Amino acid sequence: MAAFKKLIFATGNEGKMEEIRQILSGIDAQILSMKEAGIEKEVAENGTTFEENALQKAFGIAEEVKEKDAVVLADDSGLEIDYLGKEPGIYSARYLGRDTPYSVKNQNLLDRLEGVPRQQRTARFVCAIAAVFPDGTSCVVRETMEGYIGWEIVGEHGFGYDPIFCLDGYECTTAQLDPEVKNQLSHRGKALRAMRDQLMQR
Ligand code: IMP
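The paragraphs below set out a description of the structure included in this document.

Conventions adopted
- Residues numbered from 1 in each chain as written.
- Predicted model: local features only at pLDDT ≥ 70, side-chain atom pairs only at ≥ 80, totals over all residues.
- Heavy atoms only, no water.
- Helix = DSSP H or I, 4+ residues; strand = E, 2+ residues; numbered from the N terminus.
- Rg over C-alpha atoms; globule rule 2.2 N^0.38 Å.
- Phe/Tyr/Trp six-rings, centres within 6.5 Å; stacked < 30°, edge-to-face > 60°.
- Buried < 20%, exposed > 50% of the residue type's maximum accessible area, 1.4 Å probe, protein only.
- Lys NZ or Arg CZ within 6 Å of the ring centre and 35° of its normal.
- Near = heavy atom within 4 Å.
- Areas by Shrake-Rupley, 256 points an atom, 1.4 Å probe, with all protein chains shown as cover.
- 1 Å grid on protein atoms, 1.4 Å probe; cavity = no way out; pocket = protein on both sides within 12 Å on 5 of 7 lines; lining within 4 Å.
- Sits in = over half its atoms within 2 Å of the grid points.
- Nonpolar A, V, L, I, M, F, W, Y, C, P; charged D, E, K, R; others polar.
- Pairing = 2+ DSSP bridges.
- Contact = heavy atoms within 4.5 Å.
- Polar contact = N/O pair within 3.5 Å; in protein donor to acceptor, adjacent residues only side chain to side chain.

### Things to note about the overall build of the chain
In step 1: The helix and strand inventory of the chain stands at five helices and seven strands.
In step 2: Helices (α) and strands (β) of the chain occur, in sequence order from the N terminus, as β-α-β-α-β-β-α-β-β-β-α-α.
In step 3: A globule of 202 residues ought to have a C-alpha radius of gyration of about 17 Å, and the chain, at 17 Å, matches this closely.
In step 4: C-alpha extents for the chain along the principal axes are approximately 55 × 30 × 25 Å.

What follows is the structure, given as structure tokens:
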């Protein structure tokens, strides 16, 4: 029997919460966003890896949780481009400024890869999810979706860097994929399923 009754996910993003509720639905616990749990807090992310940032966020939010039966989950994700030394990486949201439109960020990355052949355009989306348990212990999972950076901005679905990220084996961008298909294959979906397996063992 699990030693927790609530899962609080450190996000204010409703799209993410929907995916989280779907994938974690088999777990016998109430799934709440931070807002639903009545928590408002910005946690500084100054780690050097996705895993560190996810853990920092989860521990930062866990400090605010009064209940003794709640697990706090937090994620961190981004795009790594091998040719650019894994940039933008943990700075994906902040790359060229948080408020800069993705049309500009994406075009900038394409320009930085001008003339670079297909074999050297490899890239991946990464997602780390951390959990902090009521007894203060923690765990973290990390999953990826592998692909390469295309040559132009294409596709209407998704968000962020989706219009320049081509998925291995699909030869189109993740912005051209049906969102349901992307969720099946995505770094976040995989990490959520890996975390579900961890939670099931508690
Ligand atoms: P966060 O983990 O929500 O802070 O996301 C970090 C940033 O990584 C986002 O703002 C996007 O720039 C990028 N990112 C993460 N996942 C995806 C994805 O599935 N598609 C496109 N961009 C993504």
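### Looking at the packing of aromatic side chains
In step 1: Under the counting rule described, the total for this entry stands at four aromatic pairs.
In step 2: Relative to Phe133, the ring of Phe4 has its centre 6.5 Å away and its plane inclined at 45°; by these criteria the two rings are tilted. Highlighted residues: Phe4 in the segment before strand E1 (6-9) and Phe133 in the loop between strand E5 (122-132) and strand E6 (138-149), separated in sequence by 129 residues.
In step 3: Looking at Phe4, the relative accessible area reads 3%, which means it is buried.
In step 4: Since its relative accessible area comes to 5%, Phe133 is described here as buried.
In step 5: Note on Phe125 and Phe165: the rings are 4.6 Å apart at their centroids and 50° apart in plane angle, and the pair reads as tilted. Of the two residues, Phe125 is situated in strand E5 and Phe165 in strand E7 (residues 165-167); the sequence distance between them amounts to 40 residues. Phe165 shares its class with Phe125; the two are buried.
In step 6: One cation-aromatic arrangement involves Lys105 over Tyr102; the distance from NZ or CZ to the ring centre is 4.7 Å.
In step 7: The aromatic ring of Phe133 is capped on one face by Arg202, whose charged end is 3.6 Å from the ring centroid.

### Here we look at the site of the ligand
In step 1: Not every one of the 15 residues close to the ligand is listed here, only the nearest: Lys16, Ser77, Tyr102, Asp162 and Lys182.
In step 2: Within the complex, 86% of the 480 Å² of free accessible area of the ligand lies under protein.
In step 3: Of the pockets mapped on this structure, the ligand occupies the largest pocket.
In step 4: If you list the elements that add at least two residues to the shell around the ligand, you get strand E3 (70-81) and helix H5 (187-200).
In step 5: Here the shell around the ligand takes three residues from E3, the largest share from any one element.
In step 6: The residue inventory of the shell around the ligand, partitioned by class, reads five nonpolar, five polar and five charged.

### Things to note about the environment of Gly115
In step 1: Following the sequence through the fold, Gly115 ends up in the loop between helix H3 (102-112) and E5.
In step 2: Expressed as a C-alpha distance, the spacing of Gly115 and Trp151, which sit 36 residues apart in the sequence, is 9.6 Å.

### Digging into the pairing of E3
In step 1: Of all twelve residues in E3, eleven are buried; the element is thus mostly enclosed.
In step 2: As defined by bridge partners, E3 adjoins E5 across ten bridges and the pair is classed as antiparallel. Each bridged residue has a counterpart across the sheet, and for Leu73 the counterpart in E5 is Ala131.
In step 3: Direction of pairing for E3 relative to strand E4 (residues 87-88): antiparallel, over a ladder of two bridges. Directly across from Glu80, in E4, lies its bridge partner Pro88.
In step 4: Where E3 folds back onto E4 in an antiparallel hairpin, the turn is made up of five residues, including Gly85, whose phi is positive at roughly 65°.

### Brief notes about unusual backbone geometry
In step 1: Each neighbour pair has its own omega, and for Glu87 with Pro88 the value is -5°, a cis peptide bond.
In step 2: Topologically, Pro88 is positioned in strand E4.
In step 3: Positive phi outside glycine occurs at Leu96, with the angle close to 60°.
In step 4: Its place among the elements puts Leu96 in the loop between E4 and H3.

### Overview of the environment of Thr173
In step 1: Within the fold, Thr173 resides in the loop between E7 and helix H4 (179-185).
In step 2: Take Thr173: its relative accessible area is 2%, and that puts it in the buried class.
In step 3: If we ignore the near neighbours within four places in the chain, the residues touching Thr173 are Val154, Gly155, Asp162, Pro163, Ile164, Phe165 and Cys166.
In step 4: A distance of 2.7 Å separates a polar side-chain atom of Thr173 from the backbone oxygen of Val154.

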